Amino acid sequence: MSARRDTGPAFEPAARLFPPLLVATPAEWLERASTQWRELLVDHANCEKKAASTALSLLFAYAEDHALTAQLSRLAREELRHFEQVQRLMVSLDVPFQRLSPSRYAESLRRAARVEEPGRRIDLLICGGLIEARSCERFTALAPRLPEPLGTFYRTLSEAELRHFSVYFRLGETAAKEDAVEFGARVTKLAEIEGSLISRPDPQFRFHSGRPAADA
Ligand SMILES: [Fe+2]
Ligand SMILES: [Fe+2]
């Protein structure tokens, strides 16, 4: 496979806002990602592994919830297939593996989840959905800016992430109904934190990092 540049427009307007996200990915991040896609691909491989591992940890934490375990088991398998696809692309595009520290994004979001149940399960499902929604937004925005075959690959991944977002949010809504607790207010609260992680200057450059800091 060659890293031929897509003939589409080099720069499009900033990413379109994707519900339930409250802020769009900053244009500076998109510009940097469209040139530093090799570095990004290494972190992307890590994100796919982490997505599988997050789903698996929920499977263990809420083992009695059949709908959750059935859907997140399928989701974890799909994330691992994405990981295998990214790894194959890294080989064909001659992108070497390197160890990268994770970005602040997922851990900071997870720290915002309530500690006590039933709030914790609902919050962790919302966090999972927000991360999938952000991935969907970024894949969609990046696809036309990246060389082939990455552009096409990212287009297909954006569809998968949209589906994953729906899985997490449906499970979260069901859990909230069962426990007769609010869902929308927690979505707004966690989406605000998510938006701030995306908007604030970030010294690291990663798939889910924030606005690139001037010296990053
Ligand atoms: Fe994925
Ligand atoms: Fe996903």
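Residues numbered from 1 in each chain as written. Chains lettered and ligands numbered in written order. Predicted model: local features only at pLDDT ≥ 70, side-chain atom pairs only at ≥ 80, totals over all residues. Heavy atoms only, no water.

Caption draft 1: Up close: the nonpolar core. Counting 34 residues, the largest nonpolar core has L58, L72, I126 and L130 as its most contacted members. When contributions to this core are tallied by element, the ones reaching two or more residues are α2 (37-61), α3 (66-92), α4 (105-111), α5 (119-142), α6 (150-178) and α7 (184-199). The dominant element in this core, judged by the number of residues it contributes, is α5, at 8 residues. Counting 26 residues, the second-largest nonpolar core is a separate cluster that includes L93, A141, L150 and F153. (Core = buried A, V, L, I, M, F, W, Y, C linked by side-chain atoms within 4.5 Å. Buried < 20%, exposed > 50% of the residue type's maximum accessible area, 1.4 Å probe, protein only. Helix = DSSP H or I, 4+ residues; strand = E, 2+ residues; numbered from the N terminus.)

Caption draft 2: Spotlight on the layout of surface pockets. If you add up the space inside the largest pocket, you get close to 630 Å³. In terms of lining, the largest pocket is formed by 32 residues, of which the most central are C47, K50, A51, A106 and I131. Every element with two or more residues in the lining of the largest pocket is listed here: α2, α4, α5 and α6. The leading source of residues in the lining of the largest pocket is α2, at 11 residues. Residues that form the lining of the largest pocket fall into these classes: 13 nonpolar, 10 polar and 9 charged. (1 Å grid on protein atoms, 1.4 Å probe; cavity = no way out; pocket = protein on both sides within 12 Å on 5 of 7 lines; lining within 4 Å. Points joined across faces, edges and corners; volume = space filled by probe spheres on them. Nonpolar A, V, L, I, M, F, W, Y, C, P; charged D, E, K, R; others polar.)

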